[in-house]
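Structure at a glance
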Amino acid sequence: MKILGIETSADDTGIALIDASGEFGSDFSCKIIANAVGTQTMHAGYGGIYPNLAKSEHSRNLPLLLDKVLEEGFGITRSQIQNPKQIPNHKSQKQNLDAIAVTVGPGLEPCLWTGINFAQELAKKWNVPVVPVNHMEGHIIVSLARNEEGARDQVSGVSPKTYSLEPITCPAIALLISGGHTELILMRSFPGRTGAVYEYIGRTRDDAVGEAFDKVARMIGLPYPGGPAISALAEIARNKKQETNIKLPRPMLNEKNLDFSFSGLKTAVLRLVEAEKNPSTDFKREIARAFEDAAAEVLVEKTFRAAEEFGVNTVVVGGGVSANKYIRSELDRRLSTVNCKLLLSPLEFTGDNAVMIALAGYFHALKKEFAEPDTLRANGDLSLA
Ligand code: KG4
Ligand code: ZN
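Residues numbered from 1 in each chain as written. Chains lettered and ligands numbered in written order. Predicted model: local features only at pLDDT ≥ 70, side-chain atom pairs only at ≥ 80, totals over all residues. Heavy atoms only, no water.

1. Side note on the overall build of the protein
Which entries qualify depends on this criterion: Helix numbers and strand numbers start at the N terminus; a helix is a DSSP run of H or I with at least 4 residues, a strand a run of E with at least 2. Whether a residue is buried, partly exposed or exposed follows from its accessible area with a 1.4 Å probe, protein chains only, as a fraction of its type maximum: under 20%, in between, or over 50%, in that order. Only heavy atoms enter the contact rule, under which two residues are in contact if any of them lie within 4.5 Å. Here the Shrake-Rupley method, with its probe set to 1.4 Å, supplies the accessible areas, and only the displayed protein chains count as covering residues.
Within the protein, the secondary structure is distributed over 10 helices and 12 strands. Oriented by its inertia axes, the alpha-carbon framework of the protein measures out at about 65 × 45 × 45 Å. Here the protein holds 385 residues, and 55% of them are scored as buried. In the protein, 72% of the contacts between residues at least 6 apart in sequence involve partners at least 24 apart. Looking at the protein as shown, the accessible area adds up to about 16900 Å², and 48% of this sits on carbon and sulfur atoms.

2. A short note on the nonpolar core
Stated formally: Note on terminology: a nonpolar core comprises buried Ala, Val, Leu, Ile, Met, Phe, Trp, Tyr and Cys residues joined through side-chain atoms within 4.5 Å.
If you look at the biggest cluster of nonpolar residues, it comprises 50 residues, and the most contacted ones within it are Leu-248, Phe-262 and Phe-291. At 14 residues, the largest contribution of residues to this core is made by helix H8 (residues 281–309). When sequence neighbours within four positions are dropped, the list of residues in contact with Phe-291 reads Ala-212, Phe-213, Val-216, Ile-230, Leu-248, Leu-265 and Val-269. By size, the runner-up hydrophobic cluster in this structure holds 43 residues, among which are Ala-99, Val-142, Phe-349 and Tyr-362.

3. Some thoughts on the site of ligand 1
Applied cut-off: If even one non-hydrogen atom of a residue comes within 4 Å of a molecule or strand, that residue is called near it. Any pair of N or O atoms that falls within 3.5 Å is considered a polar contact. Within protein, one atom must be able to donate a hydrogen and the other to accept it, and sequence-neighbouring residues count only if both atoms are side-chain atoms. In the scheme used here, Gly and all other residues not listed as nonpolar or charged are polar, with Ala, Val, Leu, Ile, Met, Phe, Trp, Tyr, Cys and Pro taken as nonpolar and Asp, Glu, Lys and Arg as charged.
In the vicinity of ligand 1, 19 residues are found, and the nearest of them are Gly-179, Asp-214, Gly-227, Gly-320 and Asp-352. Interatomic distance of 3.4 Å between a side-chain N/O atom of His-135 and an oxygen atom of ligand 1. Protein chains bury 88% of the 550 Å² of accessible surface belonging to ligand 1 in isolation. Of all the secondary structure elements, the ones that give two or more residues to the shell around ligand 1 are helix H4 (135–142), helix H5 (209–219) and helix H6 (227–239). Counted by class, the shell around ligand 1 contains 5 nonpolar, 12 polar and 2 charged residues.

4. A short note on the pairing of strand E3 (residues 29–39)
Test applied: Pairing between two strands is assigned when DSSP locates at least 2 bridges connecting them.
In the sheet, strand E2 (residues 12–21) pairs with E3 via 10 bridges, with the strands oriented antiparallel. By the bridge assignment, Thr-13 is partnered in E3 with Gly-38. Inspection of the sheet shows E3 paired to strand E7 (residues 161–165) by 3 bridges, in the antiparallel sense. Its bridge partner lying in E7, Cys-30 is registered against Tyr-163.

5. With respect to the sheet that holds strand E8 (residues 172–177)
For clarity, the threshold we go by: Note on definitions: angles span 0 to 180 degrees between N-to-C directions of axes, and those axes are lines fitted to C-alpha atoms, for helices only across the stretch in contact.
Pairing is mixed across the open sheet formed by 5 strands, whose spatial order is E10-E9-E8-E11-E12. At either margin of the open sheet sits one strand with a lone partner, and together these are strand E10 (197–203) and strand E12 (341–344). Each neighbouring strand pair of the sheet contributes to a mean axis angle of 25°, computed without reference to strand direction. Across the face of the sheet, H8 comes into contact with E8, strand E9 (182–189), E10 and strand E11 (314–318) while running at roughly 160° to E8. In the packing of helix H9 (residues 325–336) onto the sheet, the strands contacted are E8, E11 and E12, and the crossing angle to E12 comes to about 165°.

6. Quick word on the coordination of the zinc ion (ligand 2)
As a reminder, the rule being used: Listed donor atoms are N, O and S within 2.8 Å of the metal (Na, K and Ca: 3.2 Å). As water is not included, a site may look incomplete.
At this site the zinc ion (ligand 2) is bound by His-135 (NE2), His-139 (NE2) and Asp-352 (OD), with donor distances of 2.1 to 2.2 Å. One chain supplies every donor for the zinc ion (ligand 2), spaced along it as H-x3-H-x212-D. Of this pair, His-139 sits in helix H4 while Asp-352 sits in the loop between E12 and helix H10 (355–366), and the two are 213 residues apart along the sequence. For the pair His-139 and Asp-352, a shared accessibility class is recorded, and that class is buried.

7. Some points on the packing of aromatic side chains
The description of an aromatic ring pair rests on the distance of the ring centres and on the angle between the ring planes. For clarity, the cut-off: Note on aromatic contacts: the rings of Phe and Tyr and the six-membered ring of Trp form a pair at centre separations within 6.5 Å, being stacked when their planes are under 30 degrees apart, edge-to-face when over 60 apart, and tilted otherwise. Each ring is checked for a lysine NZ or an arginine CZ that lies within 6 Å of its centre and within 35 degrees of its normal; such an atom marks a charge sitting over the ring.
This model, assessed by the stated rule, comprises 8 aromatic pairs. Chaining the aromatic ring pairs together yields one cluster made of Phe-24, Phe-28, Phe-190, Tyr-362 and Phe-363. The positively charged end of Arg-334 is found above the aromatic ring belonging to Phe-304, 3.6 Å away from the centroid.

8. Topic: the sheet that holds E7
On the basis of which strands lie adjacent, the open sheet formed by 7 strands has the order E5-E4-E1-E2-E3-E7-E6 and mixed pairing. With partners counted over all chains shown, the strands left at the sheet margins are strand E5 (130–134) and strand E6 (145–148), one partner each. In this sheet, adjacent strand axes meet at a mean angle of 35° when their direction is disregarded. Here helix H1 (residues 51–74) sits on the sheet and contacts strand E1 (2–7), E2 and E3; the angle it forms with E2, its principal contact strand, is near 30°.

9. Describing the pairing of E9
Most of E9 sits inside the fold, with 7 of its 8 residues counted as buried. The pairing of E8 with E9 spans 6 bridges and is classified as antiparallel. If you follow Ile-173 over to E9, its bridge partner there is Leu-186. From the end of E8 to the start of E9, which pair antiparallel, there are 4 residues. Both E9 and E10 contribute to a ladder of 6 bridges, which runs antiparallel. Following the sheet pairing, Glu-183 is matched in E10 by Arg-203.

10. Structural notes on the packing of H1 against helix H3 (residues 109–126)
Heads up, the condition is: What makes a crossing left-handed is the near helix being turned counterclockwise from the far one by less than a right angle; a clockwise turn instead makes it right-handed.
Running from N to C, H1 and H3 cross one another at 30°; their axes reach a closest spacing of 8 Å. Handedness of the crossing formed by H1 with H3: right-handed. Facing Pro-51, Ala-54, Lys-55, His-58, Ser-59, Leu-62, Pro-63, Leu-66 and Leu-70 of H1, the residues of H3 in contact are Pro-110, Cys-111, Thr-114, Gly-115, Phe-118, Leu-122 and Trp-126. Across the contact of H1 with H3, the residue classes tally to 11 nonpolar, 4 polar and 1 charged.

11. A look at unusual backbone geometry
Cis geometry marks the peptide bond from Cys-170 to Pro-171; its omega dihedral reads 5°. Within the secondary structure, Pro-171 sits in the loop between E7 and E8. Geometrically, the link from Tyr-224 to Pro-225 is a cis peptide bond, its omega value of -5° lying close to zero. As for its placement among the helices and strands, Pro-225 is situated in the loop between H5 and H6. For Asn-127, which is not glycine, the phi torsion reads 55° and is therefore positive. Structurally, Asn-127 is set in the loop between H3 and E5. With phi around 65°, Met-252 is a residue other than glycine that occupies positive phi space. For Met-252, a relative accessible area of 12% puts it in the buried group.

In C-alpha coordinates:
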(Lines give C-alpha, C1' and ligand atoms only; values in the text may rest on other atoms or scores of the structure.)
(Ligands and ions follow the chains in the order given, each with its own letter.)
Protein backbone atom coordinates (compact mmCIF):
# COMPACT_ATOMS: atom_id res chain seq x y z
CA MET A 1 0.00 0.00 0.00
CA LYS A 2 1.23 3.46 -0.83
CA ILE A 3 0.23 5.89 1.92
CA LEU A 4 0.63 9.67 1.92
CA GLY A 5 1.03 10.93 5.50
CA ILE A 6 0.20 14.50 6.57
CA GLU A 7 1.24 16.01 9.93
CA THR A 8 0.44 19.52 11.20
CA SER A 9 -0.31 19.09 14.92
CA ALA A 10 2.28 21.58 16.25
CA ASP A 11 5.04 23.61 14.59
CA ASP A 12 6.42 21.06 12.12
CA THR A 13 4.69 20.56 8.79
CA GLY A 14 5.26 17.07 7.43
CA ILE A 15 4.31 15.19 4.30
CA ALA A 16 5.68 11.72 3.56
CA LEU A 17 5.04 8.93 1.12
CA ILE A 18 5.62 5.34 2.18
CA ASP A 19 5.14 1.98 0.49
CA ALA A 20 4.29 -0.56 3.19
CA SER A 21 3.36 -4.23 3.12
CA GLY A 22 2.85 -7.17 5.46
CA GLU A 23 1.67 -7.63 9.02
CA PHE A 24 3.09 -6.32 12.27
CA GLY A 25 5.20 -8.98 14.00
CA SER A 26 5.70 -11.09 10.86
CA ASP A 27 6.47 -9.86 7.35
CA PHE A 28 6.04 -6.07 7.72
CA SER A 29 8.27 -3.96 5.50
CA CYS A 30 8.17 -0.31 4.55
CA LYS A 31 9.98 1.79 2.00
CA ILE A 32 10.15 5.53 2.63
CA ILE A 33 9.74 6.98 -0.83
CA ALA A 34 9.77 10.63 0.25
CA ASN A 35 9.85 12.45 3.58
CA ALA A 36 9.54 16.23 3.73
CA VAL A 37 9.47 18.23 6.98
CA GLY A 38 9.19 22.01 7.20
CA THR A 39 10.37 23.15 10.63
CA GLN A 40 9.05 26.55 11.63
CA THR A 41 11.90 28.58 13.05
CA MET A 42 10.02 31.84 13.62
CA HIS A 43 8.72 30.64 17.03
CA ALA A 44 12.25 30.91 18.47
CA GLY A 45 11.64 34.46 19.72
CA TYR A 46 8.36 33.54 21.47
CA GLY A 47 9.90 30.72 23.53
CA GLY A 48 7.06 28.44 22.41
CA ILE A 49 4.62 27.85 19.58
CA TYR A 50 2.44 30.77 18.52
CA PRO A 51 -0.69 28.92 17.23
CA ASN A 52 -1.96 31.40 14.61
CA LEU A 53 1.49 31.86 13.15
CA ALA A 54 1.99 28.08 13.09
CA LYS A 55 -1.36 27.66 11.32
CA SER A 56 -0.56 30.11 8.52
CA GLU A 57 2.89 28.56 8.09
CA HIS A 58 1.30 25.11 7.70
CA SER A 59 -0.99 26.51 4.97
CA ARG A 60 2.02 27.95 3.20
CA ASN A 61 4.21 24.84 3.63
CA LEU A 62 1.72 22.11 2.73
CA PRO A 63 1.50 22.69 -1.07
CA LEU A 64 5.27 23.21 -1.28
CA LEU A 65 6.04 20.01 0.61
CA LEU A 66 3.49 18.13 -1.45
CA ASP A 67 5.25 19.25 -4.64
CA LYS A 68 8.53 18.00 -3.22
CA VAL A 69 7.08 14.64 -2.24
CA LEU A 70 5.32 14.17 -5.60
CA GLU A 71 8.50 14.99 -7.39
CA GLU A 72 10.52 12.47 -5.39
CA GLY A 73 7.78 9.88 -5.23
CA PHE A 74 6.20 9.95 -8.64
CA GLY A 75 8.79 11.77 -10.75
CA ILE A 76 6.46 14.66 -11.40
CA THR A 77 8.48 17.82 -11.74
CA ARG A 78 7.48 21.18 -10.33
CA SER A 79 7.06 22.57 -13.84
CA GLN A 80 4.45 19.91 -14.59
CA ILE A 81 2.40 21.19 -11.68
CA GLN A 82 0.49 24.06 -13.16
CA ASN A 83 -0.19 26.10 -10.08
CA PRO A 84 1.79 25.08 -7.01
CA LYS A 85 -0.57 27.03 -4.76
CA GLN A 86 -3.37 24.66 -5.66
CA ILE A 87 -3.48 20.97 -5.01
CA PRO A 88 -2.20 19.40 -8.23
CA ASN A 89 -4.40 16.97 -10.03
CA HIS A 90 -2.46 14.27 -11.82
CA LYS A 91 -3.81 11.00 -13.08
CA SER A 92 -0.70 9.13 -12.00
CA GLN A 93 -1.05 9.75 -8.25
CA LYS A 94 -4.52 8.36 -8.19
CA GLN A 95 -3.38 5.02 -9.55
CA ASN A 96 -0.47 4.93 -7.19
CA LEU A 97 -1.90 6.09 -3.92
CA ASP A 98 -3.96 3.79 -1.66
CA ALA A 99 -4.78 6.16 1.20
CA ILE A 100 -4.06 9.52 2.80
CA ALA A 101 -3.29 9.39 6.54
CA VAL A 102 -3.71 12.61 8.48
CA THR A 103 -3.19 13.62 12.12
CA VAL A 104 -6.53 14.53 13.74
CA GLY A 105 -5.19 15.03 17.29
CA PRO A 106 -3.89 15.62 19.85
CA GLY A 107 -2.31 18.99 19.14
CA LEU A 108 -3.22 22.62 18.44
CA GLU A 109 -6.65 22.59 16.83
CA PRO A 110 -6.12 25.45 14.33
CA CYS A 111 -3.00 23.61 13.12
CA LEU A 112 -4.72 20.23 12.99
CA TRP A 113 -7.54 21.69 10.89
CA THR A 114 -5.07 22.91 8.28
CA GLY A 115 -3.80 19.38 7.70
CA ILE A 116 -7.27 17.85 7.85
CA ASN A 117 -8.74 20.25 5.28
CA PHE A 118 -5.76 19.76 3.00
CA ALA A 119 -6.05 15.96 3.27
CA GLN A 120 -9.79 15.96 2.61
CA GLU A 121 -9.43 18.17 -0.44
CA LEU A 122 -6.72 15.95 -1.86
CA ALA A 123 -8.76 12.85 -1.14
CA LYS A 124 -11.70 14.25 -3.08
CA LYS A 125 -9.57 15.33 -6.03
CA TRP A 126 -7.75 12.02 -6.26
CA ASN A 127 -10.62 9.86 -5.05
CA VAL A 128 -8.60 8.04 -2.40
CA PRO A 129 -9.75 7.20 1.14
CA VAL A 130 -8.60 9.11 4.24
CA VAL A 131 -7.43 7.51 7.48
CA PRO A 132 -7.52 9.59 10.69
CA VAL A 133 -4.40 9.10 12.85
CA ASN A 134 -3.63 9.81 16.50
CA HIS A 135 -0.31 11.68 16.62
CA MET A 136 0.83 9.79 19.74
CA GLU A 137 0.22 6.41 18.11
CA GLY A 138 2.50 7.65 15.32
CA HIS A 139 5.24 8.37 17.89
CA ILE A 140 4.81 4.85 19.35
CA ILE A 141 4.93 3.02 16.02
CA VAL A 142 7.89 4.89 14.59
CA SER A 143 9.87 4.04 17.75
CA LEU A 144 9.95 0.47 16.49
CA ALA A 145 11.25 1.34 13.02
CA ARG A 146 14.63 -0.17 12.12
CA ASN A 147 16.56 0.59 8.98
CA GLU A 148 17.18 -2.45 6.77
CA GLU A 149 19.55 -2.69 3.86
CA GLY A 150 17.23 -2.09 0.90
CA ALA A 151 17.74 -3.82 -2.46
CA ARG A 152 19.45 -1.55 -4.98
CA ASP A 153 17.27 -0.08 -7.67
CA GLN A 154 18.50 -1.62 -10.93
CA VAL A 155 18.20 1.60 -12.89
CA SER A 156 19.28 4.32 -10.45
CA GLY A 157 21.66 2.17 -8.39
CA VAL A 158 20.22 3.80 -5.25
CA SER A 159 19.18 1.73 -2.23
CA PRO A 160 15.78 2.90 -1.00
CA LYS A 161 15.40 3.48 2.73
CA THR A 162 13.67 0.31 3.83
CA TYR A 163 12.44 -0.22 7.38
CA SER A 164 11.08 -3.10 9.40
CA LEU A 165 9.28 -2.79 12.75
CA GLU A 166 10.89 -4.35 15.79
CA PRO A 167 8.46 -7.07 17.00
CA ILE A 168 7.30 -6.66 20.60
CA THR A 169 5.56 -8.88 23.09
CA CYS A 170 2.54 -7.32 24.74
CA PRO A 171 1.86 -6.14 27.33
CA ALA A 172 4.58 -3.53 26.90
CA ILE A 173 5.04 0.00 28.24
CA ALA A 174 5.33 3.13 26.09
CA LEU A 175 6.92 6.29 27.46
CA LEU A 176 5.89 9.26 25.33
CA ILE A 177 7.80 12.47 25.96
CA SER A 178 7.31 15.56 23.86
CA GLY A 179 6.50 19.26 23.96
CA GLY A 180 2.85 18.59 24.77
CA HIS A 181 2.88 15.17 26.44
CA THR A 182 4.51 13.11 29.17
CA GLU A 183 2.74 9.78 29.38
CA LEU A 184 3.21 6.19 30.42
CA ILE A 185 0.98 3.86 28.46
CA LEU A 186 0.33 0.17 28.92
CA MET A 187 0.04 -1.46 25.50
CA ARG A 188 -2.14 -4.52 25.92
CA SER A 189 -1.98 -5.35 22.22
CA PHE A 190 -0.37 -3.80 19.21
CA PRO A 191 -1.56 -2.78 15.73
CA GLY A 192 -2.31 -5.69 13.53
CA ARG A 193 -5.48 -7.47 12.61
CA THR A 194 -6.74 -7.28 16.20
CA GLY A 195 -5.92 -3.59 16.63
CA ALA A 196 -4.08 -1.85 19.40
CA VAL A 197 -5.34 -1.55 22.98
CA TYR A 198 -3.79 1.24 25.06
CA GLU A 199 -4.29 2.18 28.71
CA TYR A 200 -2.91 5.31 30.40
CA ILE A 201 -1.05 4.42 33.59
CA GLY A 202 0.71 7.73 34.24
CA ARG A 203 0.88 11.27 32.92
CA THR A 204 2.01 14.75 33.82
CA ARG A 205 -0.24 16.72 36.13
CA ASP A 206 1.00 20.06 34.77
CA ASP A 207 3.73 20.83 32.21
CA ALA A 208 5.02 18.32 29.68
CA VAL A 209 8.72 17.54 30.02
CA GLY A 210 9.54 19.09 26.61
CA GLU A 211 7.73 22.26 27.66
CA ALA A 212 9.89 22.37 30.82
CA PHE A 213 13.05 21.99 28.71
CA ASP A 214 11.83 24.85 26.50
CA LYS A 215 10.99 27.13 29.44
CA VAL A 216 14.27 26.51 31.26
CA ALA A 217 16.10 27.24 28.01
CA ARG A 218 14.29 30.55 27.72
CA MET A 219 15.23 31.46 31.31
CA ILE A 220 18.92 31.17 30.46
CA GLY A 221 18.63 32.88 27.11
CA LEU A 222 18.53 29.91 24.76
CA PRO A 223 16.19 29.85 21.73
CA TYR A 224 13.13 27.61 21.21
CA PRO A 225 13.06 24.62 20.97
CA GLY A 226 15.23 24.48 24.06
CA GLY A 227 15.71 20.73 24.46
CA PRO A 228 18.73 20.27 22.18
CA ALA A 229 20.46 23.43 23.53
CA ILE A 230 19.95 22.44 27.20
CA SER A 231 21.20 18.98 26.42
CA ALA A 232 24.36 20.31 24.75
CA LEU A 233 25.18 22.61 27.72
CA ALA A 234 24.50 19.83 30.22
CA GLU A 235 26.86 17.53 28.36
CA ILE A 236 29.69 20.06 28.57
CA ALA A 237 29.17 20.41 32.35
CA ARG A 238 29.08 16.61 32.75
CA ASN A 239 32.24 16.11 30.71
CA LYS A 240 34.10 18.85 32.60
CA LYS A 241 33.03 17.18 35.86
CA GLN A 242 32.19 20.68 37.03
CA GLU A 243 31.57 20.90 40.79
CA THR A 244 28.11 22.25 41.57
CA ASN A 245 26.08 23.35 44.57
CA ILE A 246 22.86 23.42 42.58
CA LYS A 247 20.26 21.02 43.93
CA LEU A 248 16.89 20.70 42.23
CA PRO A 249 13.78 18.82 43.39
CA ARG A 250 12.59 15.49 41.88
CA PRO A 251 8.82 16.18 41.86
CA MET A 252 6.57 13.23 42.66
CA LEU A 253 9.48 10.81 42.69
CA ASN A 254 8.49 9.33 46.04
CA GLU A 255 4.76 9.23 45.45
CA LYS A 256 3.26 5.83 44.88
CA ASN A 257 1.83 6.52 41.44
CA LEU A 258 3.17 6.78 37.91
CA ASP A 259 2.32 10.46 37.37
CA PHE A 260 4.77 13.28 36.75
CA SER A 261 4.98 16.99 37.52
CA PHE A 262 7.46 19.43 35.99
CA SER A 263 6.12 22.83 36.93
CA GLY A 264 7.72 22.88 40.43
CA LEU A 265 11.06 21.90 38.92
CA LYS A 266 10.75 24.71 36.41
CA THR A 267 9.93 27.22 39.19
CA ALA A 268 12.90 26.00 41.24
CA VAL A 269 15.15 26.76 38.25
CA LEU A 270 13.56 30.20 37.84
CA ARG A 271 14.33 31.10 41.50
CA LEU A 272 17.99 30.19 41.04
CA VAL A 273 18.26 32.10 37.77
CA GLU A 274 16.58 35.18 39.25
CA ALA A 275 18.94 35.12 42.24
CA GLU A 276 21.99 35.19 39.97
CA LYS A 277 22.84 38.77 39.03
CA ASN A 278 25.16 38.06 36.10
CA PRO A 279 24.74 34.43 35.08
CA SER A 280 28.07 33.14 33.74
CA THR A 281 28.46 30.49 31.07
CA ASP A 282 29.49 28.02 33.77
CA PHE A 283 26.38 28.82 35.80
CA LYS A 284 24.16 28.22 32.75
CA ARG A 285 25.87 24.90 32.10
CA GLU A 286 25.36 23.87 35.73
CA ILE A 287 21.69 24.82 35.58
CA ALA A 288 21.23 22.87 32.34
CA ARG A 289 22.91 19.84 33.82
CA ALA A 290 21.03 19.97 37.14
CA PHE A 291 17.72 20.34 35.30
CA GLU A 292 18.47 17.50 32.88
CA ASP A 293 19.59 15.26 35.77
CA ALA A 294 16.35 15.92 37.67
CA ALA A 295 14.07 15.46 34.64
CA ALA A 296 15.89 12.29 33.58
CA GLU A 297 15.78 10.80 37.06
CA VAL A 298 12.00 11.07 37.44
CA LEU A 299 11.34 9.85 33.89
CA VAL A 300 13.65 6.87 34.26
CA GLU A 301 12.54 5.93 37.76
CA LYS A 302 8.80 6.04 37.01
CA THR A 303 9.29 4.11 33.76
CA PHE A 304 11.30 1.49 35.64
CA ARG A 305 8.58 1.19 38.28
CA ALA A 306 5.90 0.91 35.60
CA ALA A 307 7.79 -1.95 33.96
CA GLU A 308 8.16 -3.73 37.31
CA GLU A 309 4.57 -3.14 38.40
CA PHE A 310 3.07 -4.49 35.18
CA GLY A 311 5.68 -7.22 34.72
CA VAL A 312 6.52 -6.20 31.16
CA ASN A 313 9.81 -6.96 29.43
CA THR A 314 9.64 -4.25 26.76
CA VAL A 315 9.65 -0.45 27.02
CA VAL A 316 9.13 1.71 23.92
CA VAL A 317 10.14 5.39 24.01
CA GLY A 318 9.12 8.07 21.53
CA GLY A 319 8.43 11.80 21.08
CA GLY A 320 10.70 14.82 20.60
CA VAL A 321 12.36 14.58 24.04
CA SER A 322 13.39 10.97 23.30
CA ALA A 323 16.20 12.48 21.19
CA ASN A 324 17.88 13.42 24.49
CA LYS A 325 21.17 11.54 24.71
CA TYR A 326 21.34 11.52 28.51
CA ILE A 327 17.74 10.34 28.97
CA ARG A 328 18.35 7.60 26.37
CA SER A 329 21.48 6.37 28.14
CA GLU A 330 19.95 6.54 31.64
CA LEU A 331 16.89 4.57 30.51
CA ASP A 332 19.19 1.98 29.00
CA ARG A 333 21.33 1.76 32.14
CA ARG A 334 18.35 1.35 34.50
CA LEU A 335 16.23 -1.01 32.40
CA SER A 336 19.14 -3.29 31.53
CA THR A 337 19.52 -4.12 35.26
CA VAL A 338 16.25 -6.06 35.01
CA ASN A 339 16.77 -7.31 31.44
CA CYS A 340 13.97 -5.15 30.15
CA LYS A 341 14.25 -4.51 26.41
CA LEU A 342 14.41 -0.80 25.53
CA LEU A 343 13.24 0.29 22.08
CA LEU A 344 14.07 3.91 21.26
CA SER A 345 12.86 5.88 18.29
CA PRO A 346 15.54 6.25 15.59
CA LEU A 347 16.92 9.80 15.97
CA GLU A 348 15.72 10.80 12.52
CA PHE A 349 12.10 10.21 13.65
CA THR A 350 12.03 11.51 17.24
CA GLY A 351 10.68 14.93 16.23
CA ASP A 352 7.32 15.34 14.53
CA ASN A 353 7.24 13.96 11.00
CA ALA A 354 4.74 12.48 8.57
CA VAL A 355 6.43 9.08 8.19
CA MET A 356 5.07 8.15 11.62
CA ILE A 357 1.59 9.26 10.58
CA ALA A 358 1.74 7.25 7.33
CA LEU A 359 2.98 4.20 9.26
CA ALA A 360 0.18 4.36 11.84
CA GLY A 361 -2.26 5.05 9.00
CA TYR A 362 -1.12 1.91 7.19
CA PHE A 363 -2.26 -0.33 10.07
CA HIS A 364 -5.66 1.37 10.16
CA ALA A 365 -5.93 1.19 6.35
CA LEU A 366 -5.25 -2.56 6.54
CA LYS A 367 -8.37 -2.81 8.68
CA LYS A 368 -10.21 -0.44 6.34
CA GLU A 369 -10.74 2.13 9.08
CA PHE A 370 -11.39 4.94 6.61
CA ALA A 371 -13.32 8.12 7.35
CA GLU A 372 -16.40 9.09 5.39
CA PRO A 373 -15.64 12.08 3.13
CA ASP A 374 -15.71 15.43 4.97
CA THR A 375 -16.40 13.92 8.40
CA LEU A 376 -12.97 14.41 10.00
CA ARG A 377 -12.74 16.72 13.00
CA ALA A 378 -9.68 18.06 14.81
CA ASN A 379 -9.50 17.01 18.45
CA GLY A 380 -6.82 18.80 20.45
CA ASP A 381 -7.20 16.38 23.37
CA LEU A 382 -7.59 13.16 21.41
CA SER A 383 -6.88 10.18 23.67
CA LEU A 384 -5.33 6.81 22.81
CA ALA A 385 -7.46 4.84 25.26
O1 KG4 B 1 7.39 15.44 19.51
P2 KG4 B 1 7.82 16.84 19.25
O3 KG4 B 1 8.68 17.11 18.05
O4 KG4 B 1 6.58 17.80 19.16
C5 KG4 B 1 5.47 17.63 19.99
O6 KG4 B 1 4.62 16.78 19.63
O7 KG4 B 1 5.45 18.30 21.03
O8 KG4 B 1 8.60 17.35 20.58
C9 KG4 B 1 9.12 18.64 20.67
C10 KG4 B 1 9.83 18.80 22.02
C11 KG4 B 1 10.29 20.22 22.31
O12 KG4 B 1 9.85 20.58 23.60
C13 KG4 B 1 11.82 20.11 22.26
O14 KG4 B 1 12.49 21.03 23.10
C15 KG4 B 1 12.03 18.69 22.73
O16 KG4 B 1 11.00 17.96 22.08
N17 KG4 B 1 13.35 18.14 22.35
C18 KG4 B 1 14.28 17.76 23.28
C19 KG4 B 1 15.42 17.37 22.53
N20 KG4 B 1 15.13 17.51 21.21
C21 KG4 B 1 13.87 17.99 21.12
N22 KG4 B 1 14.23 17.76 24.61
C23 KG4 B 1 15.34 17.34 25.26
N24 KG4 B 1 16.46 16.94 24.63
C25 KG4 B 1 16.56 16.93 23.29
N26 KG4 B 1 17.67 16.54 22.70
ZN1 ZN C 1 4.95 14.93 18.69
